[in-house]
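Coordinate inspection notes
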Amino acid sequence: MPLIPTELQPLVALLLLGLLFVAFLLERHPPDVTAAGAAALFVLLGLTPPDRVLEVFSNPAPITIAAMFVISGALVRTGLLDALAAIVIARAEARPLLALIVFLGVTLLASGIVNNTPVVLILIPVIIRLARSLGMAETRLLIPLSYAAVLGGTLTLIGSSTNILVAGVAAERGLAPFGIFEIAPVGLAVAAVGGVALAVLGPWLLPDRRARGEAGASETVFLTEIRLDEGFAGLGRPLAEAADLNRPGIRITALREGKRLRRSDLDSHVLAAGDLLVAQATTSEILTLRALPGLSVGLRRGTGARGREEDLVVAEAMVTPTHGSPRDTVSQLSVGYRYGLRVLGAHRQGHVAGPDLGSARLRPADKLLLEGTPEGFDRLAQGQELVSVTRPSGRAYRRRRAPLALLALLMVVGLAALEVAPIALLALGAVAAILLFRCIDNDEAWGSINAGILVLILAMLVVGIGLEETGTVTLIVDWLTPWLEGLPPIALLAALYALTSILTETVTNNAVAVVVTPIAVALGEATGVDPRALVVAVMMGASASFATPVGYQTNTLVYGAGDYRFTDFLKIGVPMNLIVGLAAVLVIPLVFPLTPG
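Note that this is a predicted model, so its numbers are computed, not measured.

**A short note on the overall build of the protein**
- The helix and strand inventory of the protein stands at 24 helices and nine strands.
- Expressed as a percentage of the 597 residues in the protein, the buried residues total 56%.
- Considering only intrachain contacts with a sequence separation of at least 6, the fraction spanning at least 24 residues in the protein is 81%.

**Structural notes on helix α23 (residues 553–561)**
- Within α23, eight of the nine residues are buried, which leaves it mostly tucked inside the rest of the structure.
- The complete set of buried residues in α23 reads Thr554, Asn555, Thr556, Leu557, Val558, Tyr559, Gly560 and Ala561.
- Where α23 is buried, its residues contact α7 (116–133), α8 (142–152), β6 (313–319), β8 (367–372) and α24 (566–591).
- Aspartate 563 sits one or two residues past α23 and shows a positive phi near 50°.

**Considerations on the pattern of salt bridges**
- According to the stated counting rule, one finds 13 salt bridges in the structure shown.
- Its salt-bridge partner being glutamate 55, residue arginine 52 comes within 3.0 Å of it at the nearest N-O pair.
- For arginine 52, a relative accessible area of 17% puts it in the buried group.
- Here glutamate 182 makes a salt bridge to arginine 532, at a shortest N to O gap of 2.9 Å. Of this pair, glutamate 182 sits in the loop between α9 (161–172) and α10 (184–205) while arginine 532 is found in helix α22 (residues 531–543), placing the two residues 350 residues apart along the sequence.
- Looking at arginine 532, the relative accessible area reads 14%, which means it is buried.

**Points about the packing of aromatic side chains**
- This model, assessed by the stated rule, comprises four aromatic pairs.
- With centroids separated by 6.5 Å and ring planes inclined at 40°, the aromatic side chains of phenylalanine 21 and phenylalanine 24 adopt a geometry described as tilted. In this pair, phenylalanine 21 and phenylalanine 24 are both assigned in helix α1 (residues 9–26), three residues apart and thus about one turn of the helix distant.
- For phenylalanine 24, a relative accessible area of 7% corresponds to the buried category.
- What links up through ring pairs into an aromatic cluster is the set Tyr559, Tyr564 and Phe569.

**Some words on the packing of α7 against α8**
- At a minimum axis separation of 10 Å, α7 and α8 run at an interaxial angle of 155°. In this view, α7 runs roughly antiparallel relative to α8, as classed from their interaxial angle. The crossing of α7 and α8 is right-handed. For the pair α7 and α8, the contacting residues are Asn116, Val120, Leu123, Ile124, Ile127 and Ile128 in the first and Leu142, Leu145, Ala149 and Val150 in the second.
- Across the contact of α7 with α8, the residue classes tally to nine nonpolar, one polar and no charged.

**A few points about a nonpolar patch on the surface**
- A grouping of Val193, Val550, Phe566, Leu570, Val574, Leu578 and Ile579 is seen on the molecular surface, where their side chains present a nonpolar patch of about 530 Å² in accessible area.
- Note that leucine 578 resides in helix α24.
- What makes leucine 578 exposed here is its relative accessible area of 60%.

**Digging into the pairing of β8**
- Most of β8 sits inside the fold, with six of its six residues counted as buried.
- Residues Lys367, Leu369 and Glu371 of β8 are buried on one face, and the alternating residues Leu368, Leu370 and Gly372, pointing to the opposite face, are buried as well.
- Of the pairings in the sheet, the one linking β6 to β8 comprises six bridges and is antiparallel in character. Across the sheet, the residue bridging to valine 314 is glutamate 371, located in β8.
- Here five bridges tie strand β7 (residues 342–347) to β8, and the two strands are oriented antiparallel to one another. Each residue of the ladder has a partner; that of arginine 342, found in β8, is glutamate 371.

**Thoughts on unusual backbone geometry**
- In the Ramachandran plot, aspartate 265 falls in the positive-phi region, its phi being about 55° despite a non-glycine side chain.
- Of note, aspartate 265 is situated in the loop between β3 (260–262) and β4 (276–282).
- Judged by its relative accessible area of 57%, aspartate 265 is exposed.
- The backbone of arginine 438 shows a phi angle near 60°, a positive value even though the residue is not glycine.
- Summarising the element assignment, arginine 438 is placed in the loop between α16 (423–436) and α17 (442–447).

**Remarks on α7**
- The end-to-end C-alpha separation of α7 is 25 Å, in line with the 26 Å expected for 18 residues at 1.5 Å each.
- Where α7 bends most, the angle comes to about 40°, and this point is leucine 123, followed within four residues by the proline proline 125.
- The positive-phi residue at the C-terminal boundary of α7 is glycine 135, with phi of around 70°.

**Quick word on the environment of leucine 484**
- Note on placement: leucine 484 falls in helix α19 (residues 472–484).
- Along the backbone, leucine 484 and alanine 495 are 11 residues apart, and their C-alpha atoms lie at a distance of 9.0 Å.
- Not counting chain neighbours up to four residues away, the residues in contact with leucine 484 comprise Leu492 and Leu523.

**Describing the packing of α8 against α10**
- The geometry of α8 relative to α10 is characterised by a closest axis approach of 10 Å and an angle of 165° between their N-to-C directions. As judged from the angle between their axes, α8 and α10 are roughly antiparallel. Regarding α8 and α10, the two cross each other, and that crossing is right-handed. Judged by residue contacts, Pro144, Tyr147 and Leu151 of α8 engage Val190, Ala191, Gly194, Gly195 and Leu198 from α10.
- The residue makeup of the contact of α8 with α10, split by class, is six nonpolar, two polar and no charged.

**Side note on the confidence of the model for the protein**
- When pLDDT is averaged across the protein, the result is 85; 90% of the residues are at 70 or more.
- Note on residues 211–217: pLDDT under 50 across the span, and one contact to partners over four residues away in sequence or across chains.

**Things to note about the environment of serine 111**
- You can see serine 111 is positioned in helix α6 (residues 96–113).
- Serine 111 sits 37 residues away from alanine 148 along the chain, and the two C-alpha atoms are 8.2 Å apart.
- When near neighbours in sequence (up to four residues on either side) are disregarded, serine 111 contacts Asn116, Val119, Ala149, Gly152, Gly153 and Gly159.

**A look at the side chain of serine 501**
- Note that serine 501 resides in helix α20 (residues 489–506).
- For serine 501, a relative accessible area of 10% puts it in the buried group.
- Those residues in contact with serine 501 that lie beyond four places of it in its chain are Gly541 and Asn577.

What counts and how
- Residues numbered from 1 in each chain as written.
- Predicted model: local features only at pLDDT ≥ 70, side-chain atom pairs only at ≥ 80, totals over all residues.
- Heavy atoms only, no water.
- Helix = DSSP H or I, 4+ residues; strand = E, 2+ residues; numbered from the N terminus.
- Buried < 20%, exposed > 50% of the residue type's maximum accessible area, 1.4 Å probe, protein only.
- Contact = heavy atoms within 4.5 Å.
- Salt bridge = Lys/Arg side-chain N within 4 Å of Asp/Glu carboxyl O.
- Phe/Tyr/Trp six-rings, centres within 6.5 Å; stacked < 30°, edge-to-face > 60°.
- Axes fitted to C-alpha atoms, helices over the stretch in contact; angles between N-to-C directions.
- Parallel < 35°, antiparallel > 145°, perpendicular 65-115°, else oblique.
- Left-handed = near helix turned anticlockwise from the far one by under 90°.
- Nonpolar A, V, L, I, M, F, W, Y, C, P; charged D, E, K, R; others polar.
- Patch = residues over 30% accessible without salt bridge, like charges linked within 9 Å, V, L, I, M, F, W, Y side chains within 5 Å.
- Areas by Shrake-Rupley, 256 points an atom, 1.4 Å probe, with all protein chains shown as cover.
- Pairing = 2+ DSSP bridges.
- Expected span 1.5 Å × (residues − 1).
- Bend = angle between axes of the 7 residues up to and from the residue.
- pLDDT = per-residue confidence, 0-100.

Here it is in structure tokens:
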């Protein structure tokens, strides 16, 4: 027996959908956890029939997305992306402006044929080096790197996981499958207009932190811990009188007493050996404290950095989207046990990462300041949780197998374009080939898959089935049709694009794609506008996200790497959204006629 009367199911499903979007906005849990909870609720309440739940695993979109993650990982493992970046860096000194244009152009094209998230991950350290070689602030180039990757993702069906997902949901609603290059004319126009807009607006709207003229203004402030040992010159004195701990770049915030943190009357505390102080300090001050006798800086629980003092190096690393759920703390990351590295500090843009260093909860784009041997950083580079942003990766590339990885990718693109087989089958075949030929090891291959994205997609597909089964999609369309059926077709297209774009800036884009795509198809059928054109508008609106650092994964990555403010994205991202959106709305009808026939 259904728990909810049939006549109330559409309204209940709509209410749950609204609550789901609110939960996404609040970010109390990672998006995949939130979506999984919603999917379970839809099944438990009988809104999604149990016999249809397994249908989500037959959808080709998640399979294709997972396979493309592995192929992207192979391109990184064989050094192809790194080699392209090295070529640009080598030519930057002679012709810096041309090198920058070529670099962003390569990013755009690469993002059109492989998933753009790993492209940005591998290029963040390179763009930082390029900025320094050009004498520019990193904040002038990191946002353009993300935007170039976002624009590149609109070029082909496989350029973005969102495109693949929208195509898969549309096919389930009865539309003919999309070809791999079918959206390319629209994507090329959007990328061209977006590139020109970025070139014109960038010099005016991109932040230049060095222009503030403040010493140390560009330095990152890390949450850290300072342990006092025998030999520290300040022992026996009140904290306020310890000159080494009262520099402008250091702020002591707490003293650990057993399991509790004391935050009051710190200045009068008489320092003693064994004291553990929680502090916020700049990179320079942390490195200065690290060299003082009688002080131990950073996380000391577990195994610290191993190696001779003269062999140890310090580097910043960023938490990737494949890791960093609110359940994972710095201590649980265990970089000491796993890589022989010590965590010196943790940084979160705009917030304090936690009450102390060990219990700081990690989120994507958080930074860690790490100390260890070059070999330890090489082992870290093999993992998926962190990516170095100040030290080039020292992993052993399999460059001899690079042609095989590139050939596998080109075979997927070429055969899919010729419609020899579905993209999902071709991508799975390419994965088998690159594993058999050792372009990437199996553990690295599975580690390159962003499990969070796949769980999010599968959960949202379950929710999507529930919206369809309960008639919620029909209810929404029935509400909207009287308001939209009198509009010109291009106005309907613009309204749908705007809705998708606004939701994408506040809610994860793959969730928006699953919900809005069936509505787009049904609206097209109800108003006489070709659903295919409306579906392409959803693709573009969900992929071309510029205005917030949370709307798209590449934006989140550079947000942390460049220590941007939220408003930095608004200043340049809102105009980019408007310009790119206008271009998409004008070009889509030229490629996909709005009226059938």
